[in-house]
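# Coordinates in review
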Amino acid sequence: MKRICIIYTGGTIGMERSENGYKPGKEPFANIMARISDFSSSELPKYDVIEFSPLLDSSDVTVSEWNKIGSTIYEHMDEYDGFVVLHGTDTMAYTASALSFILQNLSKPVILTGSQIPLGEIRSDAKDNLIASMMIAASGKVFEVCLYFAGKLIRGNRAIKMSADSFIAFDSPNYPHLAEAGIDIKYRDSVLMKKSDKPCVLKELNEEPVGVLKIFPGIQIELFEQIITEKLRGVVLETFGAGNVPNYCSALTNIIQKAYENGTIVVVCSQCPTGTVSLGTYAASSCLKRAGAVSGKNMTTEAAESLWKLIFAASLMSNGE
Ligand code: ASP
């Protein structure tokens, strides 16, 4: 009999209405699940629920919660066949990215999910998301950190939140889905990670000072000069298209060069959800390359931002994964 661990961190899935809008509910999540007969189906794996305190709207999740989720999974790794992390949708893609770097050499699945409507409410998408995630966590087919939502299993560090109100809230525009859940759950073995034969390693992240700067037409880059100081360990630059910035931006290249000399790593991501950064394809990006910026290739900003918190960021980035 398979056994999985459900880690409940907060998010809409367990929220209740208040006069200030939705907030984490007081009732233990395991009690809400116990009222829904589907969760005692023999077709589901046995499960335990670990409930975090305090429960959070995911807007409040920080590096410390990423580490707490990672270390909880690591500590219980031998007791379970897989893990489901219940999390708010707003920053789930960031947490999924971070966990994929925190938990290395996985031989068991870690599936993040949540919902747009709380589990106890009418028309909730929570039951379907949770049941499919539990089945995937017990399937023995997945050995990585993933995000499951509305029929799609997505690589954690490729996920982005696409919609604030649709049930189809996530996608991975730059990487194929790992599985699709229709009548059956169809896994795509060719794109799934292979089971690691090395022991799992926990690499907790540090709260490094990192910034994200989105380039826009007419940006007055001088205004940002005060922010990009030697105190910043990394900057994710969200550029146009294949890594382009305005040509008048000599101020930008000066800042990047200064950052480079200070040891601040500047990674270039694209504002486009698909495609790849290719520094030097246009003159409008060659200046970034000359100034010492690194191509983030096809990484999401969410992944690049958490990747900076790893000491070996540069070597991981060089293979674009
Ligand atoms: N604000 C909520 C959260 O991220 C949204 C959700 O869970 O859908 O915690």
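Residues numbered from 1 in each chain as written. Predicted model: local features only at pLDDT ≥ 70, side-chain atom pairs only at ≥ 80, totals over all residues. Heavy atoms only, no water.

## Description of the overall build of the protein
The helix and strand inventory of the protein stands at 8 helices and 18 strands. Here the protein has a C-alpha radius of gyration of 21 Å; the compact-globule value for 321 residues is 20 Å, and the two agree. Seen along its three principal axes, the alpha-carbon backbone of the protein occupies a region of about 65 × 50 × 35 Å. When each of the 321 residues of the protein is scored for burial, the buried share is 53%. Across the protein, every contact between residues at least 6 apart in sequence was considered, and the portion connecting residues at least 24 apart equals 72%. Put simply, the protein shows about 14900 Å² of open surface, and 51% of that area lies on carbon and sulfur atoms. Of the side-chain charges in the protein, 30 are positive and 36 negative, and the distance between the mean point of each set is 5 Å. (Helix = DSSP H or I, 4+ residues; strand = E, 2+ residues; numbered from the N terminus. Rg over C-alpha atoms; globule rule 2.2 N^0.38 Å. Buried < 20%, exposed > 50% of the residue type's maximum accessible area, 1.4 Å probe, protein only. Contact = heavy atoms within 4.5 Å. Areas by Shrake-Rupley, 256 points an atom, 1.4 Å probe, with all protein chains shown as cover. Lys, Arg positive; Asp, Glu negative; His and termini not counted. Charge placed at Lys NZ, Arg CZ, Asp CG, Glu CD.)

## With respect to the site of the ligand
The local shell around the ligand consists of Gly11, Thr12, Met15, Asp57, Ser58, Gly88, Thr89, Asp90, Ser115 and Gln116. Separating an oxygen atom of the ligand from a side-chain N or O atom of Thr89 is a distance of 2.5 Å. Within the side chain of Asp90, a nitrogen or oxygen atom sits 2.8 Å from a nitrogen atom of the ligand. Burial of the ligand by the protein amounts to 90% of the accessible area it has alone, namely 270 Å². (Near = heavy atom within 4 Å. Polar contact = N/O pair within 3.5 Å; in protein donor to acceptor, adjacent residues only side chain to side chain.)

## Section: the environment of Lys152
Relative to the helices and strands, Lys152 is located in strand E9 (residues 152-155). Since its relative accessible area comes to 12%, Lys152 is described here as buried. Once the C-alpha coordinates of Lys152 and Glu180 are considered, the two residues, 28 residues apart in sequence, prove to be 4.9 Å apart. Beyond its immediate sequence surroundings of up to four residues, Lys152 is in contact with Leu147, Ile168, Phe170, Asp171, His177, Ala179 and Glu180.

## Regarding the pattern of salt bridges
A full pass over the atoms with the stated rule returns 8 salt bridges. With its nearest N and O atoms 2.8 Å apart, the salt bridge here joins Glu208 to Arg233. You can see Glu208 sitting in the loop between strand E14 (201-202) and strand E15 (210-214) and its partner Arg233 sitting in the loop between E15 and strand E16 (234-239), a full 25 residues away along the chain. Taking the relative accessible area as the measure of exposure, Glu208 reaches 15% and is therefore buried. (Salt bridge = Lys/Arg side-chain N within 4 Å of Asp/Glu carboxyl O.)

## Some thoughts on the confidence of the model for the protein
In this model, the protein carries an average pLDDT of 92, and 95% of its residues clear a pLDDT of 70 or more. Below a pLDDT of 50 lies the segment residues 311-321, which in the model reaches 20 contacts outside its immediate sequence neighbourhood of four places, other chains included. (pLDDT = per-residue confidence, 0-100.)

## What to know about the sheet that holds strand E18 (residues 294-295)
An order of E15-E16-E17-E18 is seen for the 4 strands of this open sheet, with the pairing classed as parallel. Both outer strands of the open sheet, E15 and E18, are each paired with one neighbouring strand and no more. When E16 meets strand E17 (residues 265-270), the two strands line up parallel, connected through 6 bridges. Across the sheet, residue Val235 finds its bridge partner in E17, namely Val266. (Pairing = 2+ DSSP bridges.)

## Concerning unusual backbone geometry
The omega angle of the peptide bond from Ser53 to Pro54 is 0°, so this bond is cis rather than trans. Phi at Asn105 takes a positive value of approximately 60°, unusual for a residue other than glycine. Residue position: Asn105 is located in the loop between strand E6 (103-104) and strand E7 (110-113). The class for Asn105 is partly exposed, based on a relative accessible area of 26%. In the Ramachandran plot, Ala150 falls in the positive-phi region, its phi being about 50° despite a non-glycine side chain. Along the chain, Ala150 falls in the loop between strand E8 (145-149) and E9. You can call Ala150 partly exposed: its relative accessible area is 30%.

## A word on the layout of surface pockets
In this model, the second largest pocket occupies a volume close to 360 Å³. What lines the second largest pocket is a set of 19 residues, among which Ile160, Ser270, Pro273, Thr301 and Glu302 lie closest to the centre. Among the elements of the structure, E17 and helix H7 (301-307) are those that each provide at least two residues to the lining of the second largest pocket. (1 Å grid on protein atoms, 1.4 Å probe; cavity = no way out; pocket = protein on both sides within 12 Å on 5 of 7 lines; lining within 4 Å. Points joined across faces, edges and corners; volume = space filled by probe spheres on them.)

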